[in-house]
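Coordinate analysis (summary)
The primary structure of each chain is shown beneath.
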Amino acid sequence: MSETTKQPLRLALAGLGTVGAGVIRLIETNADLIERRCGRPLKIVAVSARDRGKDRGVDLSPYAWEDDMTALPSRDDVDVVVELVGGSDGPALTLARKAIAGGKAFVTANKAMIAHHGLGLAREAEGAGVPVRFEAAVAGGIPVIKGLREGAAANEIERVYGILNGTCNYILSTMEDTGRDFADVLSEAQAMGYAEADPTFDIDGIDAAHKLSILASIAFGTQLDFDAVSTNGIRRVLAADIAQADSLGYVIRLIGMARVEGTEDGKELLFQRVHPYLVPRDHPLAHVDGATNAVVAEGNFSGRLLFQGAGAGDGPTASAVVADIIDIARLWESENEIDPPFSIPVTELDPTVPAETGDRVGKAYLRFMVADRPGVLAELTAAMRDGGVSIESLIQKGEGADGSVMVAMVTHEGEEACVVKALDLLAGSDSLTEPPLVMHILKQ
């Protein structure tokens, strides 16, 4: 190292799971390359985790250990605090607030914390004049936040959507390839480490909703509104649904979708939805298989932009974390003014109200499990007629093991409110052996 080498950027790392260990390996392996690219070396000086004695496959002896991770920002030898613990509240949030208050830059992969508290943290960071970065919180190693903040900065983003959860995508694409049912593939995904022992956040769409709310704020310059995301997961998707979608020219994917749909009383009408969709086979998202993530942003001048890659894992997520650290090193090296975490100052982010989905126009796939008896099909079609739903195609499958019959419909384009009305007319019918499943069809 030459005598002119700048002082290292000193890091404190909270959380030493697969991603934390990956960050250490990446910084050690690519040290020279990183130094050339950010103008100074990166140096981990302190770490913290729950279990000091656990073997993580990396040598922790060069680093100071803190039993209490919230003590890391108080160290005089730390410039940047990196949080890889997770959880929307608790120690992770305390650590974030202490780091910002202490004038330390903050980097996190914690999508839940940003979705729930991102505006407050951004406000504190802007007041303190310290950078906050969270690229790894959305889509792992895919630089989609940077792509929206920088590469597409000149565009008005008209729609942002994509496959935001690798666990769900692995399950759905495996069901598609093998014809197996959800529960069987979920068990396999858990055994292979693609799904958690408690997969609720993934398969119920909550993880994808966290990410979508962050993307929407950055794409549209709006205030975060996680609570307004309409969220449904993939628990109820059957192998028969996937087979039926295939016969119609579609695949099923869990899609997060957001767009601004006008204003009301000076506030943006923000549509945010995480649902299983039928995706046309010729759409780029139809070819995203396994645990891969992909995000589409449609700009008014750029056109369709596709960001695709590994959405999780130690290497890709560590890559995004260290890229944020390099950004901070370059920022401080240039002595530029600290840019806001959401690109636009919090005070200038547009307030939002949830857009009503009923006025949205599109096609939908409806699946009913019904008793095998005369008159049931007439009851279903009458409800569609009275609700104002026009049926494009209708398929009735044979009797299942429990004696029920599957009836699947694809609607013509129409208002979503009409589908809701038709299903309300069927509510409580003893012809239905379980609630209907609605999956919208993705527009090109």
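On a predicted model such as this, the values are computed, not experimentally measured, just so you know.

Counting its secondary structure elements, the chain contains 13 helices and 19 strands. Taken against the 2.2 N^0.38 rule, which gives 22 Å for 444 residues, the C-alpha radius of gyration of the chain at 24 Å falls within 12% of a compact globule. Projected onto its principal axes, the C-alpha coordinates of the chain cover approximately 85 × 50 × 35 Å. Taken over 444 residues, the chain has a buried fraction of 53%. In the chain, 74% of the contacts between residues at least 6 apart in sequence involve partners at least 24 apart.

Here the focus is unusual backbone geometry. Despite not being glycine, aspartate 265 has its phi angle at roughly 55°, a positive value. By the secondary structure assignment, aspartate 265 is in the loop between strand 9 (250–264) and strand 10 (267–280). For aspartate 265, a relative accessible area of 78% corresponds to the exposed category. Positioned with a positive phi, serine 343 is a non-glycine residue whose angle comes to about 75°. Looking at the secondary structure, you find serine 343 in the loop between helix 11 (314–334) and strand 13 (352–354).

In space, the six strands of this open sheet follow the order 3-2-1-4-5-6, with parallel pairing throughout. Two strands lie at the open edges of the sheet, namely strand 3 (64–65) and strand 6 (132–133), each paired on one side alone. Against the sheet, helix 3 (residues 90–101) contacts strand 1 (9–14), strand 4 (80–83), strand 5 (105–108) and strand 6, and its axis sits at roughly 165° relative to strand 4.

Moving on, we get to helix 1 (residues 18–29). The terminal C-alpha atoms of helix 1, which comprises 12 residues, lie 16 Å apart, in line with the 16 Å expected from a rise of 1.5 Å per residue. Three or more residues of helix 1 are buried, namely Val19, Gly20, Ala21, Gly22, Val23, Ile24 and Ile27.

Here we come to the nonpolar core. Core analysis: the largest hydrophobic core is formed by 84 residues, its most contacted members being Phe134, Val144, Ile171 and Ile234. The leading source of residues in this core is helix 9 (residues 206–220), at nine residues. Excluding residues that lie within four positions of it along the chain, phenylalanine 134 makes contacts with Thr108, Ile114, Ile145, Ile214, Ile218, Asp324, Pro341 and Phe342. In this structure, Cys38, Val107, Val322 and Ala329 belong to the second largest nonpolar core, which totals 34 residues.

Let us now look at the packing of aromatic side chains. In this structure the tally under the stated criterion is two aromatic pairs. A centroid spacing of 5.1 Å and a plane angle of 45° characterise the contact between phenylalanine 134 and phenylalanine 342, whose relative ring orientation is tilted. Here the residue phenylalanine 134 occupies a position in the loop between strand 6 and helix 5 (144–151), and phenylalanine 342 occupies one in the loop between helix 11 and strand 13, the gap between them amounting to 208 residues. Taken as a pair, phenylalanine 134 and phenylalanine 342 share a single burial class, namely buried. For the pair tyrosine 170 and tyrosine 194, a centre-to-centre distance of 4.6 Å together with 40° between the ring planes defines the contact as tilted. Here tyrosine 194 lies in the loop between helix 7 (182–191) and helix 8 (200–203) and tyrosine 170 lies in helix 6 (residues 166–178), a separation of 24 residues in the sequence. Tyrosine 170 sits in the buried class, given a relative accessible area of 10%.

When the charged atoms of two side chains lie near each other, side chains of opposite charge can form a pair. In this structure the tally under the stated criterion is 27 salt bridges. For the salt bridge of arginine 273 with glutamate 416, the shortest nitrogen-to-oxygen distance reads 2.6 Å. Placement of the pair is arginine 273 in strand 10 and glutamate 416 in helix 13 (residues 416–426), with a sequence separation of 143 residues. With respect to class, arginine 273 is no different from glutamate 416; both count as buried. In this structure, a network of salt bridges that share partners links the residues Arg236, Asp241, Arg367 and Glu434.

A word on the side chain of glutamine 272. Note that glutamine 272 resides in strand 10. A relative accessible area of 4% means that glutamine 272 is categorised as buried. Separated by 3.0 Å, the side chain of glutamine 272 and the backbone oxygen of aspartate 225 make a polar contact. Not counting residues up to four positions away in its chain, the partners in contact with glutamine 272 are Leu212, Ser213, Ala216, Asp225, Ala228, Val229, Ser230, Met257 and Ala258.

Reading the values: the criteria
- Residues numbered from 1 in each chain as written.
- Predicted model: local features only at pLDDT ≥ 70, side-chain atom pairs only at ≥ 80, totals over all residues.
- Heavy atoms only, no water.
- Helix = DSSP H or I, 4+ residues; strand = E, 2+ residues; numbered from the N terminus.
- Rg over C-alpha atoms; globule rule 2.2 N^0.38 Å.
- Buried < 20%, exposed > 50% of the residue type's maximum accessible area, 1.4 Å probe, protein only.
- Contact = heavy atoms within 4.5 Å.
- Pairing = 2+ DSSP bridges.
- Axes fitted to C-alpha atoms, helices over the stretch in contact; angles between N-to-C directions.
- Expected span 1.5 Å × (residues − 1).
- Core = buried A, V, L, I, M, F, W, Y, C linked by side-chain atoms within 4.5 Å.
- Phe/Tyr/Trp six-rings, centres within 6.5 Å; stacked < 30°, edge-to-face > 60°.
- Salt bridge = Lys/Arg side-chain N within 4 Å of Asp/Glu carboxyl O.
- Polar contact = N/O pair within 3.5 Å; in protein donor to acceptor, adjacent residues only side chain to side chain.

It is worth stressing that arrangement in space is one thing and function is another; only the former is reported here.
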